[in-house]
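Chain residues, written in single-letter form:
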Amino acid sequence: GRCGVARPHLWGLSDAGATSGRIYAAQGGNGRARARSRHASGGGQGPHGGGTMGRLKYETARFEASYGTIAQLPEPTTPEVSFVGRSNVGKSSLLNKLIGRKSLAKVSSQPGKTANVNFFDVDGVRFVDLPGYGFAKVSQAEKQRWANLISGYFEQERSFNLVVSLVDIRHDAQQLDRDMLGYLEQEGLPFVVALTKADKLSRSKQAQQRQALARQFGLDASRMLVTSSQTGQGIQELRTMIEDACL
């Protein structure tokens, strides 16, 4: 089960010995696998009913709420798409590009600004922005709180329709990202890797890095999508993946 292997370093915690096992246990974990329904309610139907393929109206996106503790999280009543990644990977920028708004998700030049779990409603589908991991310039107590938020979210019985794991395309595979993707695979959570900041590389270098990262992560390259919040590259493809997972 998810509680069997605690990985404090995954969230940027350094004292593995002292915190091992507590990150998940603190959220009431007991080692058993959580049930995962495709949708938390509605008999497997998406927000547009009947399982008929539809398209999300991204222009209706609105900020729903921000939560600082797991106990505050709302009941899962709709399909959910969660976004995870390092604190400087460009998560807020990608979210804004995805929903076609400039500042719905707060963008900051200072990493580590997403310190809570932020929920957005996008035409009946919840987009869940999780705290960035791996940011060193915060206190150990704040790192622990972020760790509890991330692991606590995934420990709940929620509608995990798709996890979008963001990785900076410009760098070789980082250990924190290896751990994150390994965790998602271990738990059987459906995910896609969004390779961010692709506009910083030429098209040939993008293709080269995509293949290299796929090898380094041990994933099929088809699970990795090259994206840019600046140019919009890969955004429509990501929207289609989200819609296929939720509607």
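Since the structure is predicted, the reported quantities are computational estimates derived from the model, not experimental observations.

Draft legend 1. View of the overall build of the protein chain. Each helix and strand counted, the protein chain has seven helices and seven strands in total. Secondary structure of the protein chain in N-to-C order comes out as α-α-β-β-α-β-β-α-β-α-β-α-β-α. Partitioning the intrachain contacts of the protein chain with sequence separation of at least 6 by distance along the chain shows that 77% fall at a separation of at least 24. Carbon together with sulfur atoms contributes 47% to the accessible area of the protein chain, which is approximately 10,600 Å² in total.

Draft legend 2. The pairing of strand S5 (residues 160-168), seen in detail. For S5, the buried fraction is high: nine of the nine residues fall into the buried class. Both strand S2 (residues 80-85) and S5 contribute to a ladder of six bridges, which runs parallel. The residue of S5 that forms the bridge with Phe 83 is Val 164. Of the strand pairs in this sheet, S5 and strand S6 (residues 191-196) are connected by six bridges, and their pairing is parallel. What sits directly across from Val 167, in S6, is Leu 195. Crossover S5 to S6 through helix H5 (residues 175-186) is right-handed.

Draft legend 3. Expanded view of unusual backbone geometry. In this structure, Asp 123 is a non-glycine residue whose phi angle is positive, near 55 degrees. One can find Asp 123 in the loop between strand S3 (117-122) and strand S4 (125-129). By relative accessible area, which is 16% here, Asp 123 ends up buried. Its identity as a non-glycine residue notwithstanding, Lys 197 has a phi of 65 degrees, on the positive side.

Draft legend 4. Seen up close, the sheet that holds S5. Read from one edge of the open sheet, seven strands run S1-S3-S4-S2-S5-S6-S7, paired in mixed fashion. Two strands bound the open sheet, and with one partner strand each, they are strand S1 (62-67) and strand S7 (224-226). Put simply, the sheet's adjacent strands are angled 25 degrees from each other on average, direction ignored. Contacting S2, S3, S4, S5 and S6, helix H3 (residues 91-99) runs over the sheet at an angle of about 160 degrees to S4. Docked against the sheet, helix H7 (residues 235-246) engages S2, S4, S5, S6 and S7, running at close to 155 degrees with respect to S5.

Draft legend 5. Structural view of the environment of Leu 98. Here Leu 98 is to be found in helix H3. Of the residues examined, Leu 98 reaches a relative accessible area of 0% and is grouped as buried. The sequence separation of Leu 98 and Leu 238 amounts to 140 residues, and the corresponding C-alpha distance is 8.0 Å.

Draft legend 6. Seen up close, the environment of Arg 101. Examined against the element boundaries, Arg 101 turns out to sit in the loop between H3 and S3. For the pair formed by Arg 101 and Ala 61, sequence separation is 40 residues and the distance between their alpha carbons is 8.5 Å. Separated by 2.8 Å, the side chain of Arg 101 and the backbone oxygen of Ala 61 make a polar contact.

Draft legend 7. The arrangement of H3 in detail. The buried fraction of H3 is high, at seven of nine residues. Regarding H3, the residues found buried are Lys 91, Ser 92, Leu 94, Leu 95, Asn 96, Leu 98 and Ile 99. Packing partners of the buried residues in H3 comprise S2, S3, S4, S5, S6 and H7. Residue Gly 100 follows H3 closely and has a positive phi angle near 75 degrees.

Quick notes on the rules
Residues numbered from 1 in each chain as written. Predicted model: local features only at pLDDT ≥ 70, side-chain atom pairs only at ≥ 80, totals over all residues. Heavy atoms only, no water. Helix = DSSP H or I, 4+ residues; strand = E, 2+ residues; numbered from the N terminus. Contact = heavy atoms within 4.5 Å. Areas by Shrake-Rupley, 256 points an atom, 1.4 Å probe, with all protein chains shown as cover. Buried < 20%, exposed > 50% of the residue type's maximum accessible area, 1.4 Å probe, protein only. Pairing = 2+ DSSP bridges. Right-handed = clockwise from strand over helix to strand, strands pointing away. Axes fitted to C-alpha atoms, helices over the stretch in contact; angles between N-to-C directions. Polar contact = N/O pair within 3.5 Å; in protein donor to acceptor, adjacent residues only side chain to side chain.

Honestly, it's all geometry; don't read function into it.
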